[in-house]
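# Observations on chain architecture
So the chains spell out like this:
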Amino acid sequence: MGLHMRLPGGEGSPLSETSRYTLGMPHLCPNGLSENWLWKELGHRHWGLIAEIFGRGAAGFDPSGEQPTYAAFRRIALHGGDLGSVRENDTIDVRSTLTHLSETRVTSRHVVGHLNRLVADVGMTSVFVRRQTEGRNSSIARVRLEHRDRLALPATGGASQLRDAGDVFRADDSCDDEREVGALAIEPCPQLDFNGAGLLYFSSFIAAVDRAEWHLLGKGKRLYATRERRVVFHANIEVGDTLTVRILLKRDGVVRRHRALVCASADGKPLAEIETHRVT
């Protein structure tokens with residue numbers, strides 16, 4: 001039984017789910033557990049826990065209006081990352097627990113372990129959104145979910161690791177001890193980067209930053225695994241739009257820790273802000 005299985009909170013509850021995975025090629029990358037796979041899997045689990053409360057609609061939650069309602073990520077954070085500690089045929093245990101639920105916001109915690117080692121401790125907060133105009137991602141707005149009788153889950157300590165955006169990033173995206181090392185334009189592909197709701201998938205923002213890091217900070221022989229990752233999402237884009245990723249380093253030049261600003265190339269609209277800390 002893995003380390004995470006002994007952590008407190010929600011085990012045996014319908015708001016908690018535990019699974020075991022035997023790692024193969026889809027789960028891995030050259031430096032261990034694939035962070036991209038992990039985000040997608042945990043996003044799916046987050047969605048599934050919400051569906052346990054509200055039921056599964058044909059598309060999104062509460063599909064009674066003109067447009068379906070979706071749970072869109074606002075903040076995510078990975079702590080204690082040891083993704084490089086696992087290899088092919090290893091098993092990992094993942095326990096996912098819903099830790100906060102309200103009419104406007106949901107937070108989940110996901111603890112990933114291998115044997116008695118922590119591989120990742122992840123927090124994810126989503127808000128409920130709905131398109132105001134069919135087919136236009138620019139029309140997405142936050143909404144309340146009207147299911148008061150199902151909102152019985154109290155807030156717990158699981159959300160504490162997800163600080164408000166203002167505590168993590170500066171609104172003017174500037175900092176005295178940072179320098180910009182470059183920018184990279186990336187054109188997302190609908191077959192690879194958008195989800196079934198027609199939105200640029202949250203993991204695609206992180207993938208765009210990884211591509212920019214690989215391009216701008218050097219394609220060295222040493223591969224780095226993620227120790228920490230913190231993301232705040234602001235907006236989405238339309239299919240066919242292009243992203244610009246700006247990478248900023250601390251003035252001490254530590255390449256393994258950086259901040260990235262993801263913007264719409266056409267008008268510079270902020271889309272996401274991402275802090276990354278790597279280890280060898």
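Turning our attention to the packing of aromatic side chains. Under the counting rule described, the total for this entry stands at five aromatic pairs. The interplanar angle of 80° and the centroid separation of 5.4 Å between the aromatic rings of Y21 and W37 together place this pair among those described as edge-to-face. Placement of Y21 in strand β1 (residues 16–22) and of W37 in helix α1 (residues 35–54) is noted, with a sequence separation of 16 residues between them. For Y21, a relative accessible area of 14% corresponds to the buried category. In this structure W37 comes out as buried when scored by relative accessible area, which is 14%. On the basis of an interplanar angle of 75° and a centroid distance of 4.9 Å, the ring pair of Y201 and F202 is categorised as edge-to-face. Through pairs of rings, three or more aromatic residues link up here, namely W39, F73, Y201 and F202.

With that settled, the discussion passes to unusual backbone geometry. A positive phi is found at N89, a non-glycine position, where the angle reads about 75°. Topologically, N89 is positioned in the loop between β4 (69–79) and β5 (91–101). Look at L115: it is not a glycine, yet its phi comes out positive at around 55°. Here L115 is to be found in the loop between β6 (105–114) and β7 (117–131).

As for its position among the elements, G24 is in the loop between β1 and β2 (28–29). Sequence separation between G24 and T91 is 67 residues, and the spatial gap between their C-alpha atoms is 9.6 Å.

On to the pattern of salt bridges, then. Under the criterion given, the structure shown has 14 salt bridges. Between R136 and E238 there is a salt bridge; the shortest N-O distance is 3.8 Å. With R136 in the loop between β7 and β8 (140–142) and E238 in the loop between β10 (225–233) and β11 (243–250), the pair connects residues that are 102 residues apart, well separated along the chain. Residue classification places R136 among the partly exposed positions, given a relative accessible area of 42%. Between R246 and E180 there is a salt bridge; the shortest N-O distance is 3.0 Å. One end of the pair, R246, is in strand β11; the other, E180, is in strand β9 (residues 178–186), and 66 residues separate them in sequence.

Looking now at the pairing of β10. The buried fraction of β10 is high, at seven of nine residues. Relative to β10, β4 runs antiparallel, the two being bridged by four bridges. In the sheet register, I76 faces β10, and the bridge partner there is V231. Relative to strand β13 (residues 270–279), β10 runs antiparallel, the two being bridged by eight bridges. Along β13, the bridge assignment pairs R229 with T276.

Okay, the environment of I50 next. Within the fold, I50 resides in helix α1. Along the sequence, I50 and A71 sit 21 residues apart, while their C-alpha atoms lie 8.6 Å from each other.

Let us now look at the packing of α1 against helix α4 (residues 202–216). Two elements in contact, α1 and α4, have axes separated by 9 Å at closest approach and are oriented at 165°. One element, α1, and the other, α4, form an angle in the roughly antiparallel class. Helix-helix and strand crossings are classified by hand; for α1 and α4 the assignment is right-handed. Residues E35, N36, W39, K40 and G43 of α1 form the contact with α4, whose participating residues are F202, S203, I206 and A207.

Let's shift gears to α4. In this model, α4 (15 residues) spans 22 Å end to end at C-alpha, consistent with the 21 Å of a helix rising 1.5 Å per residue. Here α4 has its buried residues at F202, S203, S204, F205, I206, A208, V209, A212 and E213.

Turning next to the nonpolar core. A general feature of soluble globular proteins is that nonpolar side chains tend to end up buried together. Grouped together as the largest cluster of nonpolar side chains are 46 residues, with contacts concentrated most on L33, L38, I76, I92, V245 and V262. Looking at this core element by element, the count peaks at six residues for α4. Ignoring anything within four residues of it in the chain, the contact list for L38 reads L33, L78, L83, V112 and A120. By size, the runner-up hydrophobic cluster in this structure holds twelve residues, among which are L49, F54, L101 and L145.

The rules behind the values
- Residues numbered from 1 in each chain as written.
- Predicted model: local features only at pLDDT ≥ 70, side-chain atom pairs only at ≥ 80, totals over all residues.
- Heavy atoms only, no water.
- Phe/Tyr/Trp six-rings, centres within 6.5 Å; stacked < 30°, edge-to-face > 60°.
- Helix = DSSP H or I, 4+ residues; strand = E, 2+ residues; numbered from the N terminus.
- Buried < 20%, exposed > 50% of the residue type's maximum accessible area, 1.4 Å probe, protein only.
- Salt bridge = Lys/Arg side-chain N within 4 Å of Asp/Glu carboxyl O.
- Pairing = 2+ DSSP bridges.
- Axes fitted to C-alpha atoms, helices over the stretch in contact; angles between N-to-C directions.
- Parallel < 35°, antiparallel > 145°, perpendicular 65-115°, else oblique.
- Left-handed = near helix turned anticlockwise from the far one by under 90°.
- Contact = heavy atoms within 4.5 Å.
- Expected span 1.5 Å × (residues − 1).
- Core = buried A, V, L, I, M, F, W, Y, C linked by side-chain atoms within 4.5 Å.

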